[in-house]
Amino acid sequence: MENLRGSLLMVASMLAFALEDMFIKSLSETLSTGQILLSIGGPGALIFAIATMASGRSLRDRALYTVPVLLRSFSELATAILYITALAFIPLAQASAIQQATPLAVTMGAALYLKEQVGWRRWSAIAVGFVGVLIVVRPGADFSVLALLAVFSVFWLAVRDVITRRVPASVSSLQLATFGFAAIVPAGLIMLAVMPAPLKAPDLGEWLGITGAVMSGVFGYYMLIGAVRTGEMSVVTPFRYTRLIFALILGWIAFGEAPDGATLIGGAVIVGSGLYMLWRQALVSRRARRNSVVRR
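Every value quoted in this text rests on a predicted model; they were computed, and no experiment measured them.

J.: Before we go on, may I ask you to explain helix α5 (residues 102–113) in this structure?
T.: Owing to its 3.6 residues per turn, the α-helix brings residues three or four apart onto one side. With 12 residues, α5 should reach 16 Å at 1.5 Å per residue; the first-to-last C-alpha distance of 16 Å fits that figure. Inspection of α5 places T102, L104, A105, V106, T107, G109, A110 and A111 among the buried residues, and these make up the whole buried set.

J.: What is the right way to look at a nonpolar patch on the surface in this model?
T.: Residues I245, I249, W252 and I253 make up a contiguous nonpolar surface patch of about 450 Å² in total accessible area. As for its placement among the helices and strands, I245 is situated in helix α12 (residues 242–255). Judged by its relative accessible area of 48%, I245 is partly exposed.

J.: What is the right way to read the environment of L176 from this model?
T.: Positionally, L176 belongs in helix α8 (residues 173–182). For L176, a relative accessible area of 10% puts it in the buried group. Each C-alpha atom, one on L176 and one on L59, is 9.6 Å from the other, the two residues being 117 residues apart in sequence.

J.: It is not clear to me how the pattern of salt bridges should be interpreted in this structure. Could you clarify?
T.: Pairing is possible between side chains of opposite charge, provided their charged atoms come close. A complete count under the given rule lists 7 salt bridges for this structure. In this structure, the salt-bridge partner of R72 is E76, at a minimum N-O distance of 3.4 Å. Here E76 and R72 lie together in helix α3 (residues 67–89), a separation of 4 residues that amounts to about one turn. The burial state of R72 is the same as that of E76; both residues are buried. Residues R165 and E116 are paired through a salt bridge, measuring 2.7 Å at the closest nitrogen-oxygen approach. Of this pair, R165 sits in the loop between α7 (147–164) and α8 while E116 sits in the loop between α5 and α6 (120–137); the two residues are 49 residues apart in sequence, bridging distant segments of the chain. Of the residues examined, R165 reaches a relative accessible area of 45% and is grouped as partly exposed. With relative accessibility at 35%, the residue E116 sits in the partly exposed group. What emerges from the salt-bridge pattern is a single network uniting R72, E76, R160 and D161.

J.: What should I look at first to understand the packing of helix α1 (residues 2–27) against α12 in this one?
T.: For any two helices packed against each other, one specifies the inter-axial angle together with the distance between the axes. At a minimum axis distance of 9 Å, the contact between α1 and α12 shows a crossing angle of 35°. Considering how the two elements wind past one another, α1 and α12 form a crossing that is right-handed. Taken together, the residues of α12 that come into contact with α1 (itself represented by V11, M14, L15, F17, A18, L19, D21, M22, K25 and S26) are T242, R243, F246, A247, L250, A254 and F255.

J.: Help me out: how do you make sense of the nonpolar core in this one?
T.: In terms of nonpolar packing, the biggest core is built from 62 residues, with I24, L37, I40, F48, I98, F181 and Y221 touching the most fellow members. Per-element accounting of this core gives the leading share, 8 residues, to helix α10 (residues 204–230). Setting aside chain neighbours within four positions, we find I40 in contact with E20, I24, F181, A213 and V214. A63, L64, V69 and V171 belong to the second largest nonpolar core, which has 7 residues in total.

J.: Whenever I open this one, the packing of aromatic side chains confuses me. Can you help?
T.: The description of two aromatic rings rests on the distance between their centres and on the angle between their planes. Applying the stated rule across the entire model yields 7 aromatic pairs. Centre to centre, the rings of F74 and W156 are 5.4 Å apart; their planes meet at 80°, and the pair counts as edge-to-face. Of this pair, F74 sits in helix α3 while W156 sits in helix α7, and the two are 82 residues apart along the sequence. Taking relative accessible area as the criterion, F74 reaches 42% and is therefore assigned partly exposed.

J.: Looking at this structure, how should I read the side chain of T33?
T.: In this structure, T33 sits in helix α2 (residues 33–54). In contact with T33, not counting residues within four places along its chain, are I84, T85 and M191.

J.: Can you help me understand a positive patch on the surface in this one?
T.: Judged by side-chain charge, R121, R286, R287, R289 and R290 come together as a positively charged surface patch. The element that contributes the greatest number of residues to the positive patch is helix α13 (residues 261–295), accounting for 4 residues. Tracing the sequence through the fold places R286 in helix α13. The class of R286 is partly exposed, set by a relative accessible area of 39%.

J.: So what exactly am I meant to see when it comes to the environment of L275 here?
T.: Looking at the secondary structure, you find L275 in helix α13. Through-space distance from the C-alpha of L275 to that of Q99 is 14 Å; in sequence the pair is 176 residues apart. In contact with L275, other than residues within four places in its own chain, are P238 and Y241.

J.: Please clarify how unusual backbone geometry should be interpreted in this entry.
T.: Note: most peptide bonds trans; most residues except glycine with negative phi. In this structure, K115 is a non-glycine residue whose phi angle is positive, near 60°. Within the fold, K115 resides in the loop between α5 and α6. The class of K115 is exposed, set by a relative accessible area of 62%.

About the criteria used
Each residue is numbered by its place in its chain's sequence as written, counting from 1. Where local features are concerned, this predicted model is filtered to residues with pLDDT of at least 70; where side-chain atom pairs are given and counted, the filter is 80 or more; whole-chain, interface and lining totals use all residues. Calculated side-chain values reflect all of the structure's heavy atoms, with hydrogen atoms and water omitted. Only DSSP runs of H or I reaching four residues or more are called helices, and only runs of E reaching two or more are called strands; each is numbered from the N terminus. To estimate the expected span of a helix, count its residues, drop one, and scale the result by 1.5 Å. Using a 1.4 Å probe on the protein chains alone, a residue whose accessible area is under 20% of its type maximum counts as buried, one over 50% counts as exposed, and one in between counts as partly exposed. Each patch is built from residues lacking any salt bridge and having more than 30% relative accessible area; the joining distance is 9 Å for like charges and 5 Å for nonpolar side chains (Val, Leu, Ile, Met, Phe, Trp, Tyr). The protein chains shown are the only cover counted for residues, whose accessible areas, like all others here, come from Shrake-Rupley with a 1.4 Å probe. When a carboxyl oxygen of Asp or Glu is within 4 Å of a side-chain nitrogen of Lys or Arg, the pair counts as a salt bridge. Between N-to-C directions, angles cover 0 to 180 degrees, with each direction set by a line fitted to C-alpha atoms, over the stretch in contact for helices. Helix crossings are classified by the rotation of the near helix relative to the far one: an anticlockwise turn of less than a right angle makes the crossing left-handed, while a clockwise turn makes it right-handed. By the convention used here, residues are in contact when the closest approach between their heavy atoms is within 4.5 Å. In plain words, nonpolar cores are sets of buried Ala, Val, Leu, Ile, Met, Phe, Trp, Tyr and Cys residues tied together by side-chain atoms within 4.5 Å. The aromatic pairing rule takes the rings of Phe, Tyr and Trp, using the six-membered ring of Trp, and pairs them if the centres are within 6.5 Å, calling planes under 30 degrees apart stacked, those over 60 edge-to-face and the rest tilted. Positive charge is attributed to Lys and Arg, negative charge to Asp and Glu, and no charge count is given to His or to the chain ends. Charge coordinates come from a single atom per side chain, which is NZ of Lys, CZ of Arg, CG of Asp or CD of Glu.

Here is the structure:
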């Protein structure tokens, strides 16, 4: 039952993140990227700050101002700038398909930075997965340099997830979420400085879009925390890939973006590689536990 609960929370989280992407892409038609980032980061940080203090934790803990937490926050800043800019210009399904390579990049980062053992089969899955990214990006006649922004965002997402493993154990998930959303605020200021655009007073439709993006992002983040803490990682993690399914559906319904063959094939290669890698990781972990029991 714990695995079932965790899996359902993960699916709900991915639906919320896909809805957040949809709201952001819709807002990008009338609002600048900088204003969108400010509109989402500020309220999101405030919500999680209130939740953090309600849980009895402080935002002035020394552990929050260590290098891993600050680097993680910078990674959130870089990811927000790159991914939301990409989302404004490329199809929703294409951006989401590229992001599905994040678990592959995290495994590679864990092997190179954390010195975790990764066998040749998982390295092969990583290589195949990045071939899938190339298929989605389509280098050639249909190539869009803006799709590279989504690719670069995968790098910073991987940095965020890898460095999270170095965050002091005393730091709670709510504290990290507060800092993560707060990092989006300077990201918005940077975008306004780099791409100057007058701040616009949102109309009713835009306020609804901003509210939808903030609430989707907050609920998605909260449910993701619940999913990771509830079920076994080997069971729950594969359901991350449902985000691509939701993105395909929402992109078609909201923006009339019918996914092309390259996005579908490349997305399938990325997801297949990720699922195989997760299966191998779970298999290696089970063998290690079994050998540990035998030695005892």
